[in-house]
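Take a look at the letters that make up each chain.
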Amino acid sequence: EKTLAFQGGEWLKFRMSYSNFFNAGYSTIEVKNTKNLGKDAFHIIGKGKSTGLLSLLFKVKDDYQTFIYKETLKPYKFIRKIDEGGYTKDKEITFDYDTKQAIVKNNKQNTETKHPINDEIQDMLSSLYYLRNQKLNNLNVGDEIELPMFFDQEIHNFKLQFLGTEVIKTKFGKINSLAFRPM
(Lines give C-alpha, C1' and ligand atoms only; values in the text may rest on other atoms or scores of the structure.)
Protein backbone atom coordinates (compact mmCIF):
# COMPACT_ATOMS: atom_id res chain seq x y z
CA GLU A 1 0.00 0.00 0.00
CA LYS A 2 1.44 3.37 -1.01
CA THR A 3 1.97 6.18 1.45
CA LEU A 4 -0.33 9.15 0.91
CA ALA A 5 0.11 12.77 1.96
CA PHE A 6 -3.17 12.54 3.91
CA GLN A 7 -5.28 9.91 5.63
CA GLY A 8 -8.71 9.36 7.10
CA GLY A 9 -9.21 11.53 10.17
CA GLU A 10 -7.47 14.59 8.74
CA TRP A 11 -9.37 17.77 9.50
CA LEU A 12 -8.47 21.28 8.36
CA LYS A 13 -10.09 24.59 9.30
CA PHE A 14 -9.54 27.87 7.48
CA ARG A 15 -10.54 31.35 8.56
CA MET A 16 -11.35 33.74 5.74
CA SER A 17 -10.90 37.45 6.24
CA TYR A 18 -10.41 40.72 4.43
CA SER A 19 -6.97 42.22 5.16
CA ASN A 20 -6.70 39.83 8.14
CA PHE A 21 -9.01 42.23 9.99
CA PHE A 22 -12.63 41.73 8.94
CA ASN A 23 -13.70 38.12 9.55
CA ALA A 24 -15.66 36.82 6.55
CA GLY A 25 -16.22 33.16 7.33
CA TYR A 26 -14.87 29.69 7.96
CA SER A 27 -14.18 26.66 5.84
CA THR A 28 -13.47 23.10 6.94
CA ILE A 29 -12.29 20.04 5.06
CA GLU A 30 -12.54 16.59 6.62
CA VAL A 31 -11.28 13.23 5.30
CA LYS A 32 -13.11 10.04 6.24
CA ASN A 33 -12.40 6.43 5.28
CA THR A 34 -15.09 4.59 3.31
CA LYS A 35 -15.52 1.85 0.70
CA ASN A 36 -17.16 1.67 -2.71
CA LEU A 37 -17.71 -1.54 -4.68
CA GLY A 38 -15.37 -3.31 -2.26
CA LYS A 39 -12.54 -0.81 -2.84
CA ASP A 40 -11.01 1.38 -0.13
CA ALA A 41 -11.91 5.03 -0.62
CA PHE A 42 -12.02 8.44 1.02
CA HIS A 43 -15.05 10.64 1.61
CA ILE A 44 -13.81 14.24 1.67
CA ILE A 45 -16.24 16.86 2.96
CA GLY A 46 -15.67 20.57 2.44
CA LYS A 47 -18.00 23.09 4.08
CA GLY A 48 -17.90 26.85 4.06
CA LYS A 49 -20.05 29.55 5.60
CA SER A 50 -20.02 33.27 6.06
CA THR A 51 -20.04 34.73 9.56
CA GLY A 52 -20.65 38.00 11.34
CA LEU A 53 -21.55 41.14 9.42
CA LEU A 54 -20.84 39.55 6.04
CA SER A 55 -23.40 36.85 6.80
CA LEU A 56 -26.06 39.54 7.27
CA LEU A 57 -25.19 41.14 3.93
CA PHE A 58 -24.24 38.09 1.86
CA LYS A 59 -24.99 34.71 3.40
CA VAL A 60 -22.85 31.82 2.17
CA LYS A 61 -23.43 28.17 2.98
CA ASP A 62 -21.47 25.75 0.79
CA ASP A 63 -21.22 21.96 0.92
CA TYR A 64 -18.74 20.19 -1.37
CA GLN A 65 -18.11 16.46 -1.13
CA THR A 66 -15.96 14.12 -3.14
CA PHE A 67 -15.52 10.38 -2.95
CA ILE A 68 -12.17 9.11 -4.27
CA TYR A 69 -10.54 5.71 -4.52
CA LYS A 70 -7.45 5.38 -2.30
CA GLU A 71 -5.44 3.47 -4.89
CA THR A 72 -5.90 5.85 -7.84
CA LEU A 73 -7.14 9.07 -6.15
CA LYS A 74 -9.78 9.25 -8.91
CA PRO A 75 -13.20 10.58 -7.92
CA TYR A 76 -16.26 8.39 -8.35
CA LYS A 77 -18.80 10.87 -6.94
CA PHE A 78 -18.92 14.63 -6.38
CA ILE A 79 -21.63 16.62 -4.58
CA ARG A 80 -22.03 20.39 -4.77
CA LYS A 81 -24.75 22.09 -2.70
CA ILE A 82 -24.22 25.82 -2.49
CA ASP A 83 -26.13 28.89 -1.42
CA GLU A 84 -24.15 32.06 -2.03
CA GLY A 85 -26.28 35.12 -1.45
CA GLY A 86 -29.32 33.38 -2.92
CA TYR A 87 -27.42 31.84 -5.86
CA THR A 88 -27.97 28.11 -5.37
CA LYS A 89 -26.84 24.83 -6.93
CA ASP A 90 -27.55 21.25 -5.93
CA LYS A 91 -25.72 18.77 -8.15
CA GLU A 92 -24.45 15.24 -7.80
CA ILE A 93 -21.95 13.88 -10.32
CA THR A 94 -21.12 10.20 -10.75
CA PHE A 95 -17.94 9.39 -12.68
CA ASP A 96 -18.28 6.17 -14.69
CA TYR A 97 -14.84 5.17 -15.97
CA ASP A 98 -16.16 2.09 -17.82
CA THR A 99 -18.39 4.19 -20.08
CA LYS A 100 -16.12 7.28 -19.80
CA GLN A 101 -19.04 9.47 -18.74
CA ALA A 102 -19.89 11.90 -15.99
CA ILE A 103 -23.57 11.60 -15.06
CA VAL A 104 -24.76 14.94 -13.69
CA LYS A 105 -27.91 14.91 -11.59
CA ASN A 106 -29.26 18.43 -11.09
CA ASN A 107 -31.50 18.11 -8.04
CA LYS A 108 -32.69 21.72 -8.33
CA GLN A 109 -34.03 21.28 -11.87
CA ASN A 110 -34.70 17.54 -11.59
CA THR A 111 -32.60 16.71 -14.67
CA GLU A 112 -29.87 14.23 -15.51
CA THR A 113 -27.30 14.67 -18.27
CA LYS A 114 -24.26 12.67 -19.44
CA HIS A 115 -20.92 14.12 -20.50
CA PRO A 116 -17.75 12.52 -21.90
CA ILE A 117 -14.70 12.30 -19.59
CA ASN A 118 -11.23 10.81 -19.72
CA ASP A 119 -9.42 8.57 -17.22
CA GLU A 120 -7.48 11.48 -15.68
CA ILE A 121 -10.49 13.57 -14.66
CA GLN A 122 -10.69 15.28 -11.26
CA ASP A 123 -13.36 17.40 -9.59
CA MET A 124 -12.98 20.67 -7.66
CA LEU A 125 -12.19 18.98 -4.34
CA SER A 126 -10.47 15.78 -5.46
CA SER A 127 -7.92 17.85 -7.42
CA LEU A 128 -6.55 19.29 -4.16
CA TYR A 129 -5.92 15.83 -2.72
CA TYR A 130 -4.60 14.49 -6.02
CA LEU A 131 -2.08 17.34 -6.25
CA ARG A 132 -0.98 16.85 -2.64
CA ASN A 133 0.25 13.40 -3.65
CA GLN A 134 2.30 14.41 -6.68
CA LYS A 135 6.08 14.74 -6.58
CA LEU A 136 6.50 18.50 -6.85
CA ASN A 137 10.06 18.95 -5.53
CA ASN A 138 11.56 19.48 -9.00
CA LEU A 139 9.43 22.52 -9.83
CA ASN A 140 11.05 25.80 -10.77
CA VAL A 141 9.43 29.18 -10.10
CA GLY A 142 7.08 29.90 -12.99
CA ASP A 143 6.46 26.23 -13.86
CA GLU A 144 2.85 25.27 -14.52
CA ILE A 145 0.85 22.23 -13.47
CA GLU A 146 -2.18 21.24 -15.50
CA LEU A 147 -4.93 18.71 -14.93
CA PRO A 148 -8.38 18.08 -16.40
CA MET A 149 -11.17 19.11 -14.02
CA PHE A 150 -14.87 18.41 -14.51
CA PHE A 151 -16.77 21.52 -13.45
CA ASP A 152 -20.23 22.81 -14.37
CA GLN A 153 -20.92 20.03 -16.85
CA GLU A 154 -17.70 20.35 -18.83
CA ILE A 155 -13.98 19.64 -18.66
CA HIS A 156 -11.71 22.57 -17.92
CA ASN A 157 -7.92 22.57 -18.00
CA PHE A 158 -7.12 23.55 -14.42
CA LYS A 159 -3.75 25.28 -14.29
CA LEU A 160 -1.55 26.34 -11.40
CA GLN A 161 1.65 28.35 -11.56
CA PHE A 162 4.40 27.58 -9.03
CA LEU A 163 5.39 30.75 -7.15
CA GLY A 164 8.05 29.20 -4.91
CA THR A 165 8.44 27.97 -1.35
CA GLU A 166 7.03 29.73 1.68
CA VAL A 167 7.19 29.26 5.44
CA ILE A 168 3.80 29.80 7.07
CA LYS A 169 3.58 30.62 10.78
CA THR A 170 0.75 28.79 12.55
CA LYS A 171 -0.33 28.11 16.13
CA PHE A 172 1.46 24.77 15.73
CA GLY A 173 4.76 26.22 14.55
CA LYS A 174 6.28 27.01 11.19
CA ILE A 175 5.15 24.96 8.19
CA ASN A 176 7.18 24.63 4.98
CA SER A 177 4.87 24.98 2.01
CA LEU A 178 4.72 25.42 -1.72
CA ALA A 179 2.92 28.49 -3.10
CA PHE A 180 0.77 28.34 -6.27
CA ARG A 181 -1.46 30.72 -8.18
CA PRO A 182 -4.45 29.49 -10.18
CA MET A 183 -4.36 30.58 -13.80
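Trainee: I'd like a description of the overall build of the chain, backed by residues and values.
Mentor: Scanning the chain from N- to C-terminus turns up two helices and 11 strands. Put simply, the chain runs from its N terminus to its C terminus through helices and strands in the order β-β-β-α-β-β-β-β-β-α-β-β-β. A compact globule built from 183 residues should have a C-alpha radius of gyration of about 16 Å, and the chain, at 18 Å, falls within 12% of that. Considering only C-alpha atoms, the chain reaches an extent of 45 × 45 × 30 Å along its principal axes. By residue count, 36% of the 183 residues in the chain fall in the buried class. Put simply, 35% of the contacts in the chain that link residues at least 6 apart link residues at least 24 apart. Accessible surface, the chain as shown: approximately 11,900 Å² in total, 51% of it carbon and sulfur.

Trainee: Before we move on, can you summarise the pattern of salt bridges with the specific residues and values?
Mentor: Between side chains of opposite charge, a pair can form as their charged atoms come close. Going through the model one piece at a time under the given rule, you end up with seven salt bridges. Between E10 and R132 there is a salt bridge; the shortest N-O distance is 2.7 Å. Of this pair, E10 sits in the segment before β1 (11–18) while R132 sits in the loop between α2 (126–131) and β9 (144–151), placing them 122 residues apart in sequence. E10 gets classed as buried once you look at its relative accessible area, which sits at 18%. Note that D119 and K100 form a salt bridge whose closest N and O atoms lie 3.2 Å from each other. Residue D119 is found in the loop between β8 (111–116) and α2, and its partner K100 is found in the loop between β6 (87–96) and β7 (101–106); the two are separated by 19 residues along the sequence. One salt-bridge network, in which partners are shared between bridges, spans R80, K89 and D152.

Trainee: Any details on unusual backbone geometry? Residues and values, ideally.
Mentor: Glycine aside, residues mostly have negative phi, and peptide bonds are mostly found in the trans state. Positioned with a positive phi, L37 is a non-glycine residue whose angle comes to about 50°. Within the secondary structure, L37 sits in the loop between β2 (22–36) and β3 (39–50). Assessed through its relative accessible area of 74%, L37 is described here as exposed. Its identity is not glycine, yet N110 carries a phi of approximately 55°, on the positive side. Take N110: it is sitting in the loop between β7 and β8. Judged by relative accessible area, which is 70%, N110 ranks as exposed.

Trainee: Let's hear about the environment of K74: which residues, and what values?
Mentor: With respect to the helices and strands, the residue K74 is situated in the loop between β4 (60–69) and β5 (75–84). Residues K74 and T113 lie 39 residues apart in sequence; the distance between their C-alpha atoms is 21 Å. For K74, the residues in contact, after removing those within four places along its chain, are F67, I68, Y69, Y97, D119 and Q122.

Trainee: Report on the pairing of β9, specifying residues and quantitative values.
Mentor: Alignment of β9 against strand β10 (residues 154–170), held across eight bridges, turns out to be antiparallel. Looking across to β10, one finds that I145 is bridged to L160. Count of turn residues in the β9/β10 antiparallel hairpin: two residues, of which D152 carries a positive phi of about 50°.

Trainee: Got a sec to walk through the confidence of the model for the chain? Specific residues and values, please.
Mentor: Averaged over every residue, the pLDDT of the chain is 94; residues scoring 70 or more account for 99%. When mean pLDDT is taken per element in the chain, β7 scores highest with 98 and helix α1 (residues 52–57) scores lowest with 84.

Each value, and the rule that gives it
- Residues numbered from 1 in each chain as written.
- Predicted model: local features only at pLDDT ≥ 70, side-chain atom pairs only at ≥ 80, totals over all residues.
- Heavy atoms only, no water.
- Helix = DSSP H or I, 4+ residues; strand = E, 2+ residues; numbered from the N terminus.
- Rg over C-alpha atoms; globule rule 2.2 N^0.38 Å.
- Buried < 20%, exposed > 50% of the residue type's maximum accessible area, 1.4 Å probe, protein only.
- Contact = heavy atoms within 4.5 Å.
- Areas by Shrake-Rupley, 256 points an atom, 1.4 Å probe, with all protein chains shown as cover.
- Salt bridge = Lys/Arg side-chain N within 4 Å of Asp/Glu carboxyl O.
- Pairing = 2+ DSSP bridges.
- pLDDT = per-residue confidence, 0-100.

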